Amino acid sequence: MPKVTFLPLNKTVEAEVGQTLLEVSEDHDIGLEHACGGVCACSTCHVIVQDGTDNNLEPQDDEEIDTMDKLVSTQTVHSRLGCQARVKGDVTVQIFNWPPREM
Ligand code: FES
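Cut-off values and rules
Residues numbered from 1 in each chain as written. Predicted model: local features only at pLDDT ≥ 70, side-chain atom pairs only at ≥ 80, totals over all residues. Pairing = 2+ DSSP bridges. Helix = DSSP H or I, 4+ residues; strand = E, 2+ residues; numbered from the N terminus. Buried ≥ 20, exposed ≤ 12 C-beta atoms within 10 Å, placed from the backbone. Axes fitted to C-alpha atoms, helices over the stretch in contact; angles between N-to-C directions. Contact = placed C-beta atoms within 7 Å.

Draft legend 1. A look at the pairing of strand S2 (residues 11-14). In terms of strand pairing, strand S1 (residues 3-7) meets S2 through 4 bridges, oriented antiparallel. Across the sheet, residue Thr5 finds its bridge partner in S2, namely Thr12. Linking two consecutive strands that pair antiparallel, namely S1 and S2, is a turn of 3 residues; a positive phi of about 55 degrees is found at Asn10 within it.

Draft legend 2. Region of interest: unusual backbone geometry. Cis geometry marks the peptide bond from Leu7 to Pro8; its omega dihedral reads 10 degrees. Across the junction of Trp98 and Pro99, the peptide omega takes the value 0 degrees, indicating a cis bond. Of note, Pro99 is situated in the segment after strand S5 (91-95). One non-glycine residue, Asp29, lies in positive phi territory at about 55 degrees. Here Asp29 shows up in the loop between helix H1 (21-27) and strand S3 (46-51). Residue Asp29 is classed as exposed on the basis of its 9 C-beta neighbours within 10 Å. Notably, Cys40 is not glycine yet its phi reads approximately 65 degrees, a positive angle. Its place among the elements puts Cys40 in the loop between H1 and S3.

Draft legend 3. Quick look at the sheet that holds S1. Spatial strand order, S2-S1-S5-S3-S4: 5 strands in an open sheet with mixed pairing. Each having just a single partner strand, S2 and strand S4 (79-81) make up the two edges of the open sheet. Between one strand axis and the next, the sheet turns through 35 degrees on average, direction left out of account.

Draft legend 4. Spotlight on the environment of Glu58. When you line up the elements, Glu58 lands in the loop between helix H2 (53-56) and helix H3 (62-71). Each C-alpha atom of the pair Glu58 and Lys88 lies 6.6 Å from the other, and the pair is 30 residues apart in sequence. Apart from residues no more than four positions distant in its own chain, Glu58 is found in contact with Ala85, Arg86 and Lys88.

What follows is the structure in structure tokens.
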């Protein structure tokens, strides 16, 4: 099973291949924000991938790219939306909105 490490918590949990980072967060009470409920409309689930970007997450689709371009002014080359990024292998991600503003 892939391992996902969430920073700044420095908490590592196991994930199923194909789960989104948001689903992994929800399964383990991590606290990744998701104001739109995970439908790629808000960008509150913004994460910055620290390790594992190229091989261990499914690539961005057009919907995620469009939302990132419109909503994420703090976007980096390693930014992803947690509700869209699907796990393939071990990854480490920095939660951008931390501590969470809502739960
Ligand atoms: S939860 Fe809204 S874009 Fe990911």
